[in-house]
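This is what each chain is made of:
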Amino acid sequence: MNELISPKYKMKLVEEVESELWNMFTTSKYYNVEKYIENWQIYDNRYTDTGYHIGWAPHFEIKKQKDGITIDLKSTLHSLDNETLLKIAIDIGVDTPDFIPSIPTFKNALKSDYKTAYDTFTKAYKQIETDPSTAVGLANSALESIIKEILKDDRISSKVKGGETLYKLTSIILKEFNLTDGEHPKEIKTIGNSLLTINQTIEKLRSEKTNFHGKTNDDYLINDTIYTFFIVNTVTTVGLFLNSYYKNKFPKLKVELDDNNDDLPF
């Protein structure tokens, strides 16, 4: 994510985020802004690049002004990794017209409901630059995991046996979502069929243009990161749509308490 934002764009984004944060609160601005930023700190067991054990520490430090008490918001925002800065911008409603925030949005959606897919996609994203071929294969696997998780829903009639390809899984879920039904306008049906074609192509790229299957020296392998970013962004777009459509068509069931439960203490 760091390489996806130019320094010029980050400078502009920091200014807009800073202004919006100060305008969010009418009282106790320094206190409330700092508390808001604190909510974005993620603690983990960290090590330095040289292997020195830091211990449990946040991914970024909240910078202080010269008084050592109040937050230095501008310095704090500039010290953030680009992904966290983008997430904050999206959260507080700052427009990001020069950046399509599909990847951080997709990761947020996966984290809560699709643990396996989240872990796989995170590995894929981290290897876009260092191993484009593997990144494509893992992105394909993440999309498979999402569809399999959706199809576990008891309200969905079609079930998977375990060996289905991305193409087959997509065929099943599009049928369950009724997106290729002949009763729809031809444009809707075309979009549904296009989703099937996209996922079939992603699967073919994984099988024929990556190291996931045996290759010879003469075989073409994806090794240009520009194409890898294109493929991974395509996966995020398709995944976000399938997840959103699923949540709309099959909303979570609310668990109702039994009013006649005699064990309740009141």
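Computed from a predicted model, the values in this text were never measured in an experiment. (Residues numbered from 1 in each chain as written. Predicted model: local features only at pLDDT ≥ 70, side-chain atom pairs only at ≥ 80, totals over all residues. Heavy atoms only, no water.)

J.: In this structure, what is going on with the overall build of the protein? I would like to understand it.
T.: Secondary structure summary: the protein contains ten helices and two strands in total. Counting from the amino terminus, the protein carries its helices and strands in the arrangement α-α-β-β-α-α-α-α-α-α-α-α. The buried share of the protein, taken over its 266 residues, is 39%. Once local pairs closer than 6 in sequence are excluded, the contacts in the protein between residues at least 24 apart make up 57%. (Helix = DSSP H or I, 4+ residues; strand = E, 2+ residues; numbered from the N terminus. Buried < 20%, exposed > 50% of the residue type's maximum accessible area, 1.4 Å probe, protein only. Contact = heavy atoms within 4.5 Å.)

J.: Is there a simple way to think about the nonpolar core in this case?
T.: For soluble globular proteins, the rule of thumb is that nonpolar side chains tend to be buried together. Residues Leu110, Ile146, Ile150 and Phe177 are the most contacted members of the largest nonpolar core, which totals 39 residues. In terms of residue count, helix 7 (residues 132-151) provides more of this core than any other element does, nine residues in total. If we ignore the near neighbours within four places in the chain, the residues touching Phe177 are Ile150, Leu242, Tyr245, Tyr246, Lys249 and Phe250. Counting residues in each nonpolar core, the second largest holds 22 residues, with Leu13, Val33, Leu86 and Ile92 among its members. (Core = buried A, V, L, I, M, F, W, Y, C linked by side-chain atoms within 4.5 Å.)

J.: Sorry, what's going on with helix 2 (residues 29-38) here?
T.: Within an α-helix, residues lying three or four positions from one another point in the same direction, as the helix has 3.6 residues per turn. For helix 2, the complete set of buried residues consists of Val33, Glu34, Tyr36 and Ile37. Burial along helix 2 is one-sided: seen end-on, the buried residues are contained in an arc of 160°. Buried residues along helix 2 sit in contact with helix 1 (7-24), helix 3 (73-79) and helix 4 (82-92). (Arc of directions from axis to C-beta.)

J.: Would you take a moment to explain helix 1 for this structure?
T.: For helix 1, built from 18 residues, the straight-helix expectation of 26 Å at 1.5 Å per residue is met to within 8% by its first-to-last C-alpha distance of 26 Å. What helix 1 keeps buried is the set Tyr9, Lys10, Leu13, Val14, Val17, Glu18, Leu21 and Trp22. Considering only its buried residues, helix 1 is in contact with helix 2, helix 3 and helix 4. (Expected span 1.5 Å × (residues − 1).)

J.: I'm lost on the pairing of strand 1 (residues 43-47) in this one. Help?
T.: Walk down a regular strand and you will see the side chains alternate between the two sheet faces. In the sheet, strand 1 pairs with strand 2 (residues 53-58) via five bridges, with the strands oriented antiparallel. Opposite Tyr47, over in strand 2, you have His53 as the bridge partner. (Pairing = 2+ DSSP bridges.)

J.: Help me understand the layout of surface pockets, please; the structure alone is not making it clear to me.
T.: Empty space among the atoms becomes apparent when a probe as large as a water molecule is rolled across them. The calculated volume of the second largest pocket comes to roughly 230 Å³. Taken together, 14 residues form the lining of the second largest pocket, with Asp113, Tyr114, Asp153, Tyr246 and Lys252 sitting closest to its centre. Put simply, the parts of the chain that give the lining of the second largest pocket at least two residues each are helix 7 and helix 10 (225-249). Counting residues per element, the lining of the second largest pocket draws most heavily on helix 10, at three residues. A class-by-class count of the residues in the lining of the second largest pocket yields six nonpolar, one polar and seven charged. (1 Å grid on protein atoms, 1.4 Å probe; cavity = no way out; pocket = protein on both sides within 12 Å on 5 of 7 lines; lining within 4 Å. Points joined across faces, edges and corners; volume = space filled by probe spheres on them. Nonpolar A, V, L, I, M, F, W, Y, C, P; charged D, E, K, R; others polar.)

J.: Would you take a moment to explain the packing of aromatic side chains for this structure?
T.: In this description, a pair of aromatic rings is defined by centroid distance and the angle of the planes. Under the criterion given, the structure shown has five aromatic pairs. Where Tyr36 meets Trp40, the ring centres are 6.4 Å apart and the plane angle is 65°; that geometry is what we call edge-to-face. Between the aromatic rings of Tyr246 and Phe250, the centroid separation amounts to 6.0 Å while the plane-to-plane angle is 35°, which identifies the pairing as tilted. A residue is classified by how much of its surface remains accessible, and Tyr246, at 15% relative accessible area, is buried. Residue classification places Phe250 among the buried residues on the basis of a relative accessible area of 11%. Ring pairs connect the aromatic residues Phe177, Phe241 and Tyr245, which therefore count as one cluster. (Phe/Tyr/Trp six-rings, centres within 6.5 Å; stacked < 30°, edge-to-face > 60°.)

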